[in-house]
Amino acid sequence: MNLVEKDLEYIWHPYTQHKTAKPPIVIVKGKGALLWDENGKEYIDAIASWWVNPFGHSNKYIADQIYKQLTSLEHVLLGGFTHPPAITLAERLLSILPRNQSKVFFSDNGSTSVEVAIKAALQFFYNKNEKRTTIVAFEDAFHGDTFAAMAASGISFYTLAFQGMFIDVVRVPVPVPGKEEESYEALEKILTEHKCAAFIFEVLIQGAGGMKMYEPECLDRLIEICQKHQVLTIADEVMTGFGRTGKLFGCDYLKNQPDVLCLSKALTAGTIPMAITTFSQNVFDGFYSDDINKALFHGHTFTGNPTGCAAAMASLDLLLSEEMQNNISRIHRSHLEFQKRLQSHPRVHTIRVRGVILALEVSSQRQESYYGNLRNNLYDYFLKNGVMLRPIGNIVYILPPYIITQEQLDIVYSNIEKALEEVV
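Residues numbered from 1 in each chain as written. Predicted model: local features only at pLDDT ≥ 70, side-chain atom pairs only at ≥ 80, totals over all residues. Heavy atoms only, no water.

By the naming in an unreviewed UniProt entry, the chain goes by Aminotransferase class-III and is assigned to Schizosaccharomyces cryophilus. As its UniProt record puts it under Sequence similarities (unreviewed entry), the chain is described as follows: "Belongs to the class-III pyridoxal-phosphate-dependent aminotransferase family." Under the UniProt heading Cofactor (unreviewed entry), the note attached to the chain is "pyridoxal 5'-phosphate". (UniProt positions renumbered as here; feature names shortened; annotations may be inferred.)

A. Main features of the side chain of Ser 315. If you trace the backbone, Ser 315 turns up in helix α11 (residues 306-319). Residues in contact with Ser 315, not counting those within four places in the same chain, are Phe 55, Ile 62, Ala 266, Leu 267, Thr 268 and Ala 269. (Helix = DSSP H or I, 4+ residues; strand = E, 2+ residues; numbered from the N terminus. Contact = heavy atoms within 4.5 Å.)

B. Spatial organisation of the sheet that holds strand β3 (residues 42-45). Strand order across the open sheet formed by four strands is β1-β2-β3-β15, with mixed pairing between neighbours. The open sheet has two edge strands with one neighbour each: β1 (27-31) and β15 (387-388). Both β1 and strand β2 (residues 34-37) contribute to a ladder of four bridges, which runs antiparallel. Note that in β2 the partner of Lys 29 across the bridge is Trp 36. (Pairing = 2+ DSSP bridges.)

C. Structural detail: the pattern of salt bridges. Tallying each qualifying case throughout the model produces twelve salt bridges. The closest approach of N and O atoms between Glu 188 and Lys 228, which form a salt bridge, is 3.0 Å. Remark: Lys 228 occurs in helix α9 (residues 216-228) and Glu 188 occurs in helix α8 (residues 180-193); sequence separation between them is 40 residues. With relative accessibility at 24%, the residue Glu 188 sits in the partly exposed group. Residue classification places Lys 228 among the exposed residues on the basis of a relative accessible area of 55%. (Salt bridge = Lys/Arg side-chain N within 4 Å of Asp/Glu carboxyl O. Buried < 20%, exposed > 50% of the residue type's maximum accessible area, 1.4 Å probe, protein only.)

D. Molecular detail of a nonpolar patch on the surface. Residues Tyr 15, Trp 50, Phe 157 and Tyr 371 make up a contiguous nonpolar surface patch of about 370 Å² in total accessible area. Note on placement: Phe 157 falls in helix α7 (residues 156-159). (Patch = residues over 30% accessible without salt bridge, like charges linked within 9 Å, V, L, I, M, F, W, Y side chains within 5 Å. Areas by Shrake-Rupley, 256 points an atom, 1.4 Å probe, with all protein chains shown as cover.)

E. Layout of the nonpolar core. With 107 residues, the main nonpolar core has Leu 89, Met 211, Leu 389 and Ile 416 as its most contacted residues. Take this core: its biggest share by element is eight residues, from α11. Taken domain by domain, this core gets at least three of its residues from each of domain 1 (3-58 + 322-423) and domain 2 (73-320). Setting aside its immediate chain neighbours within four residues, Leu 389 contacts Ala 46, Ile 47, Tyr 379, Phe 382, Val 396, Tyr 397, Ile 398, Val 412 and Ile 416. Grouped together as the second largest cluster of nonpolar side chains are 25 residues, Ala 148, Ile 200, Val 238 and Val 283 included. (Core = buried A, V, L, I, M, F, W, Y, C linked by side-chain atoms within 4.5 Å. Domains from an automatic or database assignment.)

F. Region of the structure containing the sheet that holds strand β6 (residues 168-172). Overall, mixed pairing links the seven strands, which are arranged β4-β12-β11-β10-β7-β5-β6 in an open sheet. Only two strands of the sheet have a single partner each, and these edge strands are β4 (101-107) and β6. Between one strand axis and the next, the sheet turns by 20 degrees as a mean value, whatever way the strands run. By the bridge criterion, three bridges tie strand β10 (residues 232-236) to strand β11 (residues 260-263) in an arrangement that is parallel. (Axes fitted to C-alpha atoms, helices over the stretch in contact; angles between N-to-C directions.)

Dropping the structure here:
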């Protein structure tokens with residue numbers, strides 16, 4: 001059997017209906033913004049491999065730091081023990097996060113970072129003998145695939161098989177232009193009528209929900225409403241964190257800061273799975289007690305893995321460098337120029353930009369499903385032309401590694417323009 005045949009024999013892929021899906025492409029090498037398949041074909045990775053790889057594939061600096069850590073301490077449990085990489089990473093992260101963040105909790109991936117946040121929010125009030133069992137989330141949200149994260153997510157086909165099994169979640173409209181007041185009023189009404197523990201939100205941009213973007217002032221207002229009702233706020237920065245919005249964190253645009261932040265994806269630059277949930281001192285104090293039952297009984301085997309911490313610290317070194325900050329600014333400027341070029345295109349309904357993220361909504365005569373024909377045709381067209389893009393329904397988005405060259409970015413733009421003429 002060749003590699004594709006072996007893959008089909010042994011592997012169950014994520015988000016895949018194997019009976020109808022095309023065989024996967026075998027990638028054997030990556031460098032910078034480029035990937036190569038087993039036949040030598042080159043692809044520009046224009047989505048940073050599901051948003052995790054801001055500094056490029058096979059980054060030597062990160063690899064060297066991982067190797068150095070592997071040869072001194074690859075792993076030790078964090079229950080009753082600690083180690084310098086975890087301590088240093090926590091200290092460094094808290095120095096660049098919003099000032100109200102005080103404690104770092106380690107886990108494995110974006111879903112678990114959200115799971116920890118929701119569990120902590122519910123238990124925070126339980127520890128105070130307050131019965132608050134409802135979570136508030138946006139419509140069309142996506143927060144992950146573990147159970148509490150799924151419950152908070154609003155994309156129905158991801159969760160349809162599990163309806164009736166979830167924690168209580170109520171939803172408010174995303175405050176996109178024209179829906180701001182509707183969103184504020186809905187949240188105020190929900191917090192008045194329900195015993196809510198927390199409001200969870202993707203910061204300024206909904207990822208899997210179609211790269212919907214809304215303004216910082218709107219989120220400030222929603223957080224203010226929650227603070228008035230003494231409801232905790234959870235910022236899901238799994239996608240937006242570490243420079244994606246043009247600032248280090250989407251929360252850096254805000255005046256009102258959340259109680260909890262969820263981080264993953266770019267945290268370790270696509271090398272080792274790791275996630276972090278950070279908490280304000282107020283939330284942590286809700287668990288600080290002589291009563292052992294008030295502890296947060298949550299943990300993972302690889303919690304605070306030293307090698308993952310080393311990867312994360314190397315990623316921070318790169319992110320905070322002048323070169324990488326200049327790259328982020330360059331990509332943003334380039335996106336704005338491309339936006340001007342296409343905003344009057346007859347086949348483009350809307351095009352929006354925040355930081356290094358560009359999202360283009362293709363005009364369509366009918367409602368396009370998430371994995372519908374238009375999406376699949378666009379996906380196939382881009383791959384045929386050596387560009388890795390994964391449209392969401394009729395939304396084509398670019399979220400590239402920060403090290404992508406201008407020439408590579410121009411090739412991505414050119415392929416989108418050609419697709420609008422040849423596919424749409």
